[in-house]
Amino acid sequence: MTRLATVVYHAGQSPDDAILSAVRGLAGVRGYVQARRGDGGLALLDVADGVLVPLGGPAGGGCRLDPAALDQAAAGLEARLTPPPSLLVLNRFGDSEAAGFGFRPLLETAVEAGIPVLLAVADTRLALWQAYAGEMGETLPCSKEAVSAWAAPLAGRS
């Protein structure tokens, strides 16, 4: 059975820091955590090579996610699933994923291929995640220690 876990975070917590700290140095990990560009705009940080992938315009006026940029990032990551990674990190399960878009198709591809997946979900969207994942998904607290304990056994699986 595929290992599937989500880091549940509350306002003021950074699941990205917890995830990045836990997977840094593990072999065969691919994927993204959420980040900010120098201008404050939304981006993804590639956990394998540290490259920033822009996802929207400059900061200001709330989250300015460009759905086309998200789709392009997901397609680029999907192209790097061969050979399968030991762990796939997807930045969030949010409204786009709950509606079947964003990283959801890639999440489903990974699950079908038996690739362990780790992602984050805001406590305010936890019900959406649970409706999607059901018993298949595991929830983790937002801490480096919890994420490390879950992810470390997967290292070197690729």
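Please read all numbers here as calculations on a predicted model, not as lab measurements. Here the residue numbering is sequential within each chain, running from 1 through the sequence in written order. The predicted nature of this model means local features are confined to residues of pLDDT at least 70 and side-chain atom pairs, given and counted, to a pLDDT of 80 or more, with totals for whole chains, interfaces and linings taken over all residues. With hydrogens and water set aside, each side-chain value is computed from the structure's full complement of heavy atoms.

Re the side chain of R37
Right, so step 1: The way it works is that DSSP assigns letters per residue, a run of H or I at least four long becomes a helix, a run of E at least two long becomes a strand, and they are numbered from the N terminus. Structurally, R37 is set in the loop between β2 (29-36) and β3 (42-46).
Right, so step 2: Side-chain atoms alone can form a polar contact between residues adjacent in sequence; in general such a contact is a pair of N or O atoms within 3.5 Å, and within protein one must be able to donate a hydrogen while the other accepts it. A distance of 3.3 Å separates a polar side-chain atom of R37 from the backbone oxygen of L42.

Focus: the sheet that holds strand β4 (residues 52-54)
Right, so step 1: DSSP-based pairing: two strands are paired if at least 2 bridges between them are found. Read from one edge of the open sheet, 7 strands run β4-β3-β2-β5-β6-β1-β7, paired in mixed fashion. A strand with exactly one partner marks an edge of an open sheet, and here the two such strands are β4 and β7 (138-141). Strand-to-strand twist in this sheet, taken as the mean axis angle between neighbours without regard to direction, amounts to 30°.
Right, so step 2: Here, two residues are considered to be in contact whenever any of their heavy atoms come within 4.5 Å of each other. Between N-to-C directions, angles span 0 to 180 degrees; the directions come from axes that are lines fitted to C-alpha atoms, helices contributing only their stretch in contact. Those strands touched by helix α5 (residues 126-133) are β1 (4-9), β6 (117-122) and β7, and its axis lies near 145° from that of β6.

Section: unusual backbone geometry
Right, so step 1: The amide bond that connects T82 to the next residue, P83, takes the cis arrangement and shows omega of -5°.
Right, so step 2: With respect to the secondary-structure elements, P83 resides in the loop between α2 (67-78) and β5 (87-90).

Focus on the pattern of salt bridges
Right, so step 1: Salt bridges are defined by distance alone: a side-chain nitrogen of Lys or Arg within 4 Å of a carboxyl oxygen of Asp or Glu. Taken as a whole and judged by the stated rule, the model has 5 salt bridges.
Right, so step 2: Ionic pairing is found between R92 and D16, a salt bridge with its closest N-O pair at 2.7 Å. One end of the pair, R92, is in the loop between β5 and α3 (95-98); the other, D16, is in helix α1 (residues 15-23), with 76 residues separating them in the sequence.

By themselves these figures say nothing about function.
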